[in-house]
Amino acid sequence: KNKYFKFYNSLPKNIKKGLYITFALCLISSIFETLTIFSINPLASKLFQISNLEKVSNKINMGFLFFSLDFKLNQLILISILLSTFSIIIRLISLRNLAKYVQKIGVYLSNRVLIAVLINTEDDSNLGSQGSDYITSLTSTQIDYAVNSINAQLLFISNLFTALILSIGLIYISPQISLSL
């Protein structure tokens, strides 16, 4: 079995649940980022096509897959601002949750090391080497490296979600962008 799955399976259920929620938030944020791009596209194409500013109040048609919606310019601007703001808020919440659960994983690993060093001793011969300096050196070097590695891997997964959702969204938006230009 893969060492990452072994490590993941050894984590407590509340940390696993928190990681699922964090990844769900990353996914939702990516969807809202794609919707923001989708809402800005007709607005930008309309503004680049007009020759004078009096025609700006015309309705703008947004078509996606099998449905079409008509918006006024001020409605579309408001929708774009709300979508981008909501996307940013969800992204910040997901990054905060990611940092929180990486911290919880660090605490969990530190507790595991403490238990392994202090409590699970077979004999008393190495009790002298298990002082606070020894425990601090274990937690400050190896666990810090592990936590930083976990943080980097979780950020990579989060950014991979974002890139995949944005790529899928741009594939659907791309024909519309090429036709509007």
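Use the structure listed above.
Each chain carries its own residue numbering, running from 1 in the direction its sequence is written. Where local features are concerned, this predicted model is filtered to residues with pLDDT of at least 70; where side-chain atom pairs are given and counted, the filter is 80 or more; whole-chain, interface and lining totals use all residues. In computing side-chain properties, one takes all heavy atoms of the structure into account and sets aside hydrogens as well as water.

Draft legend 1. Just the packing of aromatic side chains, in detail. Only Phe, Tyr and Trp rings are paired, with Trp represented by its six-membered ring, and only when their centres lie within 6.5 Å; those with planes under 30 degrees apart are stacked, over 60 edge-to-face, the remainder tilted. The tally for this structure, following the rule as stated, stands at three aromatic pairs. With a centroid separation of 6.3 Å and an interplanar angle of 70°, the aromatic rings of Y8 and Y20 are classed as edge-to-face. In this pair, Y8 sits in helix α1 (residues 3-10) while Y20 sits in helix α2 (residues 13-49), placing the two residues 12 residues apart along the sequence. We classify Y20 as exposed; its relative accessible area is 55%. Elements are defined by DSSP. Helices are runs of H or I of four residues or more, strands are runs of E of two residues or more, and each kind is numbered from the N terminus. Between buried and exposed lies partly exposed: a residue is buried under 20% and exposed over 50% of the maximum accessible area for its type, with that area taken using a 1.4 Å probe on protein chains only.

Draft legend 2. Focus on a nonpolar patch on the surface. Exposure above 30% relative accessible area and no salt bridge define the residues that can form patches, which grow by joining like charges within 9 Å and nonpolar side chains of Val, Leu, Ile, Met, Phe, Trp and Tyr within 5 Å. Method for areas: the Shrake-Rupley scheme with a 1.4 Å probe, in which residue coverage is limited to the protein chains shown. Whenever a carboxyl oxygen of Asp or Glu lies within 4 Å of a side-chain nitrogen of Lys or Arg, that contact is scored as a salt bridge. A surface patch of nonpolar side chains, amounting to about 370 Å² of accessible area, comprises F156, I157, L160 and L164. Looking at the element boundaries, F156 is found in helix α4 (residues 132-180). What makes F156 exposed here is its relative accessible area of 55%.

Draft legend 3. Fine view of the pattern of salt bridges. One pass over the structure, following the stated rule, counts one salt bridge. Note that R91 and E33 form a salt bridge whose closest N and O atoms lie 3.1 Å from each other. Within this pair, whereas R91 is found in helix α3 (residues 73-119), its partner E33 is found in helix α2, the two being separated by 58 residues in sequence. The same class applies to R91 and to E33, which are both buried.

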